[in-house]
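Coordinate inspection notes
These are the residues of each chain, in order.
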Amino acid sequence: MKKDQYILGIETSCDETAASIVKNGHEIISNVVSSQIESHKRFGGVVPEVASRHHVEQITIVIEEALNQANMTPKDLDAVAVTEGPGLVGALLIGINAAKAFAFANGLPLVGVHHIAGHIYANALVQPMEFPLLALVVSGGHTELVLMKEDGQFELIGETRDDAAGEAYDKVARVLNLPYPGGPHIDRLANESDGAVPFPRAWLEEGSYDFSFSGLKSAVINYQHNAEQRGEEINPNHLAAGFQQSVIEVLTTKTLRAAREFNVKQVIAAGGVAANKGLRKVLEETFEKENIPFYVPPISLCTDNAAMIAAAGNSKFSAGKTGDMSMNGRPGLELNSWN
Amino acid sequence: MIWLGIDTSHTPLAVSIVKDDQVLAEYKSSLKITHSIGAMPAIEELLKKAEIEPHEIDAIAVAKGPGSYTGVRIGVTIGKTLAWTLNIPIVSVSSLQVLAGNAPYFPGIVCSIMDARRSNVFAGVYENGQVVKESHMSLVDLLKMLDESGNPVLFVGMDVKIHWEQIKEVLRDKVHQANAAFSLPSAAVLIELAKEQKATEAHTTVPKYLRVTEAEANWMKEQKKNGHE
Ligand SMILES: Nc1ncnc2c1ncn2[C@@H]1O[C@H](COP(=O)(O)OP(=O)(O)O)[C@@H](O)[C@H]1O
Ligand SMILES: [Mg+2]
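Residues numbered from 1 in each chain as written. Chains lettered and ligands numbered in written order. Predicted model: local features only at pLDDT ≥ 70, side-chain atom pairs only at ≥ 80, totals over all residues. Heavy atoms only, no water.

Quick notes on the site of ligand 1
Residues and elements named next belong to chain A. So the rule is basically this: By convention in these notes, a residue is near a molecule or strand provided one of its non-hydrogen atoms lies within 4 Å of it. What qualifies as a polar contact is a pair of N or O atoms within 3.5 Å, subject to a donor-acceptor requirement within protein and to the restriction that residues adjacent in sequence count only when both atoms come from side chains. Side-chain classes are defined by residue name, with Ala, Val, Leu, Ile, Met, Phe, Trp, Tyr, Cys and Pro counting as nonpolar, Asp, Glu, Lys and Arg as charged, and the others, Gly among them, as polar.
Taken together, 18 residues are adjacent to ligand 1, and Ser139, Gly140, Gly141, Asp170 and Asn276 come closest. Here an oxygen atom of ligand 1 and a backbone polar atom of glycine 141 are 2.8 Å apart. Here aspartate 170 contributes a side-chain N or O atom positioned 2.6 Å from an oxygen atom of ligand 1. For the shell around ligand 1, the residue count by class is 5 nonpolar, 10 polar and 3 charged.

In structure tokens:
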């Protein structure tokens, strides 16, 4: 029988300091996330230097907590997986250097993980992934359609040409004077709405799986601006709902078309925006009709966490891909296959 | 007693292993290699050469800043993670004091500096081994202060040459410049200083930046303007 494999995951790519221990790539033994969001709220967004400072303060506390909650010592671990990129470089470097020092001190192999691979593998913590698989990755920094023909293989078939979906959410939220991060607030306003402003959909060229949200964002800003000029009150619910409907329709339509073209066995959604209630509902309904299993992790595994890094790290480590002590933070890292 | 010392607070990288009163091995460079790429391999290689296993290390000394924010954080993160997981003490020492420690027998003031852009420097001023000042300040103010003291001054640090003309102009024949051999921090010096100072808990060991972030400074200004301090 194969021996159980325990991976310590570490994630510091943005504003959460996180550590987690995952068994065999799918069972969460412990999962600790220390969020800095309260500190960044006063700035209306994540300030990279402030984020890096918080990571140094938290990093060993968070790793220790992950070990304590799992009731484990470093000796029980098989490898250390850490987010290598993309992300804020100063923030990435804290997780990476802590991971390197920890791996070195305890004689453990080190595995560098792509943050988006992590978001995708969050699904492995919920149900076994089946291939070919289509992943819709929607977060503050990413909007991508990724096709996985096998475990550890990634093909980018579409991506945003300008703003990421989450970025568009946050910018529209600012127009409505909602607190940061705005995504959940727009989601709530949209769900409570009894109407919707009709905003355009960006389909791009025929057949393209790429996305664009900057036009939609501008349309929202113009709408608000024009109303202001005329001295009219806008209905924030209607505006939020109109925006959200446009985002959801484009995301769902393109995901469905790709799922059909590549004949996938499973469709998954990942990333912070996958926490969106409206999006989840429409995707669920769409793929139920289509008879393709659709999954989205619980919200706590959609936003940044280290369990997803450990899960992806487990697959990469099993494929024999390890890093060494010269690992560096790679803010623009591309999603490469490891199988 | 085996000490591992790490200084990544500025461009130079310094790593050293001191066993009791003997410097076993030392690494020092001013090559422009990112510390994230260079520091851990240097530590790994030095320990390997000295045939010391990580769990044989008894204490960590780390330079806590000021300096490059990212640089300081890399050293402190490595140091505190090693100290925590190996369950050994960590002592963090001012990076400016480490630099000044290159000139222990100078009769007068030793001033270590690192360039902080826009005519500012991180400056450490020491007399008879005592700290007189460690701060982020304009070079003009620093030179004025040193000039008023009337004592001879020795400048240390690889950024001295950037400002040497201006320094010389103000302090004239009272001022000296440490030569190239003493311009880089030494982690053995760091360890010797650490031996004299108190250990901190690994979890609470953090860099000393000597500057708040720009975002926080602006935010505090806003708060004051809006009347709620
Ligand atoms: N319910 C929601 N609806 C829409 N967007 C959301 C929701 N919850 C979170 N978000 C958005 O998700 C983003 C954060 O996701 P995350 O995966 O942390 O992004 P990244 O790691 O790329 O920065 C933010 O832009 C936030 O507004
Ligand atoms: Mg993310």
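Section: helix H2 (residues 69–86) of chain B
Residue and element names in this part refer to chain B. The condition that has to hold: Helical segments are the DSSP runs of H or I of at least four residues, strand segments are the runs of E of at least two, and each set is numbered from the N terminus. To estimate how far a helix should extend, the number of its residues minus one is multiplied by 1.5 Å. Each residue is assigned to one of three classes by its accessible area relative to the maximum for its type, calculated with a 1.4 Å probe on protein chains only: buried under 20%, partly exposed between the two thresholds, exposed over 50%.
Compared with an ideal rise of 1.5 Å per residue, which puts 18 residues at 26 Å, H2 spans 26 Å between its outermost C-alpha atoms and is within 8% of the ideal. Across the 18 residues of H2, 16 count as buried, placing the element largely inside the fold. Just downstream of H2 lies asparagine 87, where phi reads positive at about 55°.

A short note on the UniProt feature "domain: Gcp-like" (unreviewed entry) in chain B
This is how the line gets drawn: UniProt positions are given in the numbering used here, feature names are shortened, and annotations may be inferred rather than shown by experiment.
The sites that carry the UniProt feature "domain: Gcp-like" (unreviewed entry) are, in the present numbering, residues 33–219 of chain B. For the annotated span residues 33–219 of chain B, helix accounts for 41% and strand for 21% of the residues, and the straight-line distance between the end C-alpha atoms is 34 Å.

Digging into the coordination of the magnesium ion (ligand 2)
Reference values for angles at a metal are 109.5 degrees in the four-donor tetrahedral case and 90 or 180 degrees in the six-donor octahedral case. Residues and elements named next belong to chain A. Test applied: Metal-coordinating donors are taken as N, O and S atoms lying within 2.8 Å of the metal, or within 3.2 Å when the metal is Na, K or Ca; because water is left out, some sites can appear incomplete.
Protein coordination of the magnesium ion (ligand 2) is provided by His115 (NE2), His119 (NE2) and Asp304 (OD), with donor distances spanning 2.0 to 2.3 Å. Positions of the donor residues of the magnesium ion (ligand 2) along the chain correspond to the pattern H-x3-H-x184-D. Taken together, the positions of histidine 115 and histidine 119, both in helix H4 (residues 115–121) and 4 residues apart, correspond to about one turn of that helix. As far as the burial class goes, histidine 115 and histidine 119 line up, both buried.

Details of the sheet that holds strand E10 (residues 175–177) of chain B
Residues and elements named next belong to chain B. As a reminder of what qualifies: Whether two strands pair depends on DSSP finding at least two bridges between them. Geometry is summarised by axes, namely lines fitted to C-alpha atoms with helices restricted to the contacting stretch, and by angles between N-to-C directions that run from 0 to 180 degrees. Any two residues having at least one pair of non-hydrogen atoms within 4.5 Å are treated as being in contact.
If you walk across this open sheet you meet the 5 strands as E8-E7-E6-E9-E10, and the pairing is mixed. Unpaired on one side and paired on the other, strand E8 (130–138) and E10 mark the two borders of the sheet. Sheet twist, expressed as the average angle between the axes of neighbouring strands with direction ignored, equals 25°. The pairing of strand E6 (residues 109–115) with strand E9 (residues 153–156) spans 4 bridges and is classified as parallel. Each bridged residue has a counterpart across the sheet, and for serine 112 the counterpart in E9 is valine 156. Across the sheet, helix H4 (residues 139–149) lies against E6, strand E7 (120–127), E8 and E9, angled at about 145° from E8, the strand it touches most. Across the face of the sheet, helix H5 (residues 160–171) comes into contact with E6, E7, E9 and E10 while running at roughly 165° to E10.

Describing a negative patch on the surface
Note the cut-off: A patch consists of residues whose relative accessible area exceeds 30% and which take part in no salt bridge; residues with like charges are grouped when within 9 Å of each other, and nonpolar side chains (Val, Leu, Ile, Met, Phe, Trp, Tyr) when within 5 Å. Residue burial considers only the protein chains on display, and all accessible areas are found by Shrake-Rupley using a 1.4 Å probe. Between Lys or Arg on one side and Asp or Glu on the other, a salt bridge is scored when a side-chain nitrogen of the former is within 4 Å of a carboxyl oxygen of the latter. Counted charges follow a simple rule, with Lys and Arg positive, Asp and Glu negative, and His plus the chain ends left uncounted. Charged side chains are reduced to one point each, which is NZ for Lys, CZ for Arg, CG for Asp and CD for Glu.
Taken together, the side chains of B:Asp20, B:Glu53, B:Glu56 and B:Asp58 present a region of like negative charge at the surface. With respect to the secondary-structure elements, B:Asp58 resides in the loop between helix H1 (35–49) and strand E4 (59–63).

Some details on unusual backbone geometry
Geometrically, the link from A:Gly85 to A:Pro86 is a cis peptide bond, its omega value of -10° lying close to zero. Positionally, A:Pro86 belongs in the loop between strand E4 (79–85) and helix H3 (89–105). One non-glycine residue, B:Leu210, adopts positive backbone phi at about 65°. Checked against the element boundaries, B:Leu210 lands in the loop between helix H6 (187–195) and helix H7 (214–225). The exposure class of B:Leu210 is partly exposed, given its relative accessible area of 32%.

Some words on the pairing of E7(B)
Residue and element names in this part refer to chain B. Buried residues dominate E7, accounting for 7 of its 8 residues. Pairing between E6 and E7: 7 bridges, direction antiparallel. By the bridge assignment for E7, methionine 114 is matched with phenylalanine 122. Connecting the antiparallel pair E6 and E7 is a turn made up of 4 residues, with arginine 117 showing a positive phi of about 65°. Where E7 meets E8, 8 bridges bridge the pair, whose relative direction is antiparallel. If you follow glutamate 127 over to E8, its bridge partner there is glutamine 130.

Focus on the domain arrangement of chain A
All names here are of chain A. Rule in force here: What counts as a domain boundary in this text is fixed by an automatic or database domain assignment. Two parts placed together each lose some accessible area under a 1.4 Å probe, and the buried area is that loss summed for both.
Entries for chain A in the domain assignment read domain 1 (6–122 + 301–319) and domain 2 (131–296). The C-alpha centroid of domain 2 is placed 27 Å from the C-alpha centroid of domain 1. Here domain 1 packs against domain 2, burying approximately 1,300 Å² in sum over the two surfaces, 73% of which is carbon and sulfur. Broken down residue by residue, the surface that domain 1 buries against domain 2 is led by Ile116, Ile120 and Cys302, which jointly contribute 43%. Between domain 1 and domain 2 we count 5 residue pairs in polar contact (both at pLDDT 80 or more) in total. Within the residue set of the side of domain 1 that touches domain 2, elements represented by two or more residues are helix H1 (37–41) and H4. Looking at the side of domain 1 that touches domain 2, the element that brings in the most residues is H4, giving 5 residues. In terms of residue class, the side of domain 1 that touches domain 2 is built from 8 nonpolar, 5 polar and 2 charged.

Topic: the UniProt feature "binding site: substrate" (unreviewed entry) in chain A
Residue and element names in this part refer to chain A. If you check UniProt for "binding site: substrate" (unreviewed entry), the listed places come out as Val137, Val138, Ser139, Gly140, Gly141, Asp170, Gly183, Asp187 and Asn276 in our numbering. Inspection of the secondary structure assignment puts glycine 140 in the loop between strand E6 (133–138) and strand E7 (143–148). The partly exposed category is assigned to glycine 140, whose relative accessible area is 46%. Filtering out sequence-adjacent residues up to four positions away, glycine 140 remains in contact with Ala164, Gly166 and Glu167. Mapped onto the elements of the fold, aspartate 170 is located in helix H5 (residues 165–175). In this structure, aspartate 170 is in contact with Tyr180, Pro181, Gly182 and Gly183, ignoring residues within four places of it in sequence.

What about a nonpolar patch on the surface?
Taken together, B:Tyr27, B:Leu31, B:Ile33 and B:Ile37 make up a surface patch of nonpolar side chains, about 330 Å² in accessible area. Note on placement: B:Ile37 falls in helix H1.

What to know about the side chain of A:Ser246
With respect to the element layout, A:Ser246 can be found in helix H8 (residues 236–261). If sequence neighbours within four positions are ignored, A:Ser246 has contacts with A:Phe199, A:Pro200, A:Arg201 and A:Leu216.

A short note on the interface of chain B and chain A
Chain B puts 33 residues into the contact, and the matching count from chain A is 32 residues. Both faces combined, the contact of chain B with chain A buries some 2,800 Å², and carbon together with sulfur accounts for 68% of it. On the chain B side of the interface with chain A, the three residues burying the most area are B:Arg73, B:Trp84 and B:His203, jointly 21% of the side's total. Linking chain B with chain A are 2 salt bridges.

Considering the sheet that holds strand E2 (residues 13–19) of chain B
Residues and elements named next belong to chain B. Judged by pairing direction, the sheet is mixed, and its 5 strands sit side by side in the order E3-E2-E1-E4-E5 without closing on themselves. With partners counted over all chains shown, the strands left at the sheet margins are strand E3 (22–29) and strand E5 (90–93), one partner each. Each strand of the sheet is rotated relative to its neighbour by a mean of 15°, with strand direction disregarded. Bridge count for E2 against E3 is 7 bridges, and the pairing is antiparallel. Bridging across to E3, isoleucine 17 finds its partner in alanine 25. Along the sheet, H1 contacts strand E1 (2–7), E2 and E3; its crossing angle with E2, the most-contacted strand, is approximately 20°. Contacts between H6 and the sheet are confined to E1, E2, E3, E4 and E5, with E1 contributing the most and set at about 120° to the helix.

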